[in-house]
Amino acid sequence: MTQDDKKRQVAEAALSYVEDDAVIGVGTGSTVNFFIAKLAAIRGRIAGAVPSSEASAALLRRHGIPVVELNSTGDLGVYIDGADEATSRRMLIKGGGGALTREKIVAAASRRFICLVDDSKLVDVLGRFPLPVEVIPMARGYVGRQLVRLGGRPELRMGVTTDNGNLIIDVHGLTILDPGELEAEINQIAGVVCNGIFARRPADLLLVGRDSGVEKI
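About the cut-offs
- Residues numbered from 1 in each chain as written.
- Predicted model: local features only at pLDDT ≥ 70, side-chain atom pairs only at ≥ 80, totals over all residues.
- Heavy atoms only, no water.
- Helix = DSSP H or I, 4+ residues; strand = E, 2+ residues; numbered from the N terminus.
- Buried < 20%, exposed > 50% of the residue type's maximum accessible area, 1.4 Å probe, protein only.
- Contact = heavy atoms within 4.5 Å.
- Polar contact = N/O pair within 3.5 Å; in protein donor to acceptor, adjacent residues only side chain to side chain.
- Pairing = 2+ DSSP bridges.
- Axes fitted to C-alpha atoms, helices over the stretch in contact; angles between N-to-C directions.
- Phe/Tyr/Trp six-rings, centres within 6.5 Å; stacked < 30°, edge-to-face > 60°.
- Lys NZ or Arg CZ within 6 Å of the ring centre and 35° of its normal.
- Arc of directions from axis to C-beta.

**Some points on the environment of Ser110**
Turning to its location among the elements, Ser110 is positioned in strand β6 (residues 110–118). For Ser110, a relative accessible area of 6% translates into the label buried. Sequence separation between Ser110 and Asp75 is 35 residues, and the spatial gap between their C-alpha atoms is 5.6 Å. Sequence-distant contacts of Ser110, defined by excluding residues within four places in its chain, comprise Leu76, Val78, Tyr79 and Arg201. Separated by 2.7 Å, the side chain of Ser110 and the backbone oxygen of Val106 make a polar contact.

**Observations regarding unusual backbone geometry**
Positive phi values are uncommon outside glycine, yet Asp21 reaches one of about 65°. Tracing the backbone shows Asp21 in the loop between α1 (3–14) and β1 (23–26). Backbone geometry at Arg90 places phi at a positive 70°, although glycine is not the residue there. Looking at the secondary structure, you find Arg90 in the loop between β4 (85–86) and β5 (92–93).

**A look at the side chain of Thr28**
Take Thr28: it is sitting in the loop between β1 and α2 (30–39). Residue class for Thr28 comes out buried when judged on its relative accessible area of 17%. A distance of 3.4 Å separates a polar atom in the side chain of Thr28 from a polar atom in the side chain of Ser56. Apart from residues lying up to four places away in sequence, Thr28 is in contact with Ser52, Ser53, Ser56, Asp81, Ala99 and Glu103.

**Observations regarding the sheet that holds β6**
In space, the six strands of this open sheet follow the order β2-β1-β3-β6-β12-β13, with mixed pairing throughout. At either end of the open sheet lies a strand with only one pairing partner, and these are β2 (48–51) and β13 (213–216). Between one strand axis and the next, the sheet turns by 25° as a mean value, whatever way the strands run. Note that β1 and β2 share four bridges and pair parallel. By the bridge assignment for β2, Ile24 is matched with Ala49. Across the face of the sheet, helix α4 (residues 100–108) comes into contact with β1, β2, β3 (76–82) and β6 while running at roughly 145° to β3.

**A short note on the packing of aromatic side chains**
When we look at a pair of aromatic rings, we describe it by the centre distance and by the angle of the planes. Taken as a whole, this structure holds two aromatic pairs when the rule is applied. Among the aromatic residues, those joined into a ring-pair cluster are Tyr79, Phe113 and Phe198. Here Lys94 stacks its cationic end above the ring of Phe198, 5.6 Å away from the centre of that ring. In this structure, Lys104 packs its charged tip against the face of Phe198, placed 4.9 Å from the ring centre.

**What about helix α3 (residues 54–62)?**
Listed as buried for α3 are Ser56, Ala57, Leu59 and Leu60. Buried residues in α3, looked at end-on, bunch into an arc of 165°, giving them a common side. Exposed and oriented more than 90 degrees from the buried face of α3 are Ala55, Arg61 and Arg62. Tucked into the core, α3 has its buried residues touching α2 and β2. Phi for Gly64, located one or two positions after α3, is positive at around 75°.

Quick look at the structure:
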């Protein structure tokens, strides 16, 4: 079974968590793109979707799914998104697609966060995937120096500007033994908008695509 086959599996499984007449949160990335394509088949059942990126908003519109602003919805029942890494405790690294801040906002505003991954994304300790950090442009150098002090090797993601008009620094070489502590510590650096550790608000459910089928964690 290919990686895309596994992504399609979990995308299909996620449909069972979509409630009729609800506005749902929808994330960003390749696995979510499969989910949006499948969501299109039942778009008449939902009131709309709050996307975590302009790219997902455009894809939702192309599939005829109403796009709704979070400010007009209140809390959401469910948020469905992928991840770049995940542990068995449902802590994540996200932000490979550059949408980490909006992803974190929509996850925080949702009563349930369902994360879709294939089994290649499962790790015992976070940090193999470089940690994305969204920074205000004028603070790029300062934030990079602070990340070096934390033991990382920061690298500016060239040619990328987030939907919020900021930059992304990818931090290599971290072994994240206490995700919640490091999430908070990086967020306290002046100039950091958000970082891609999802530990203080982890996923409530992981749907993992495997050769044997979909595993729930």
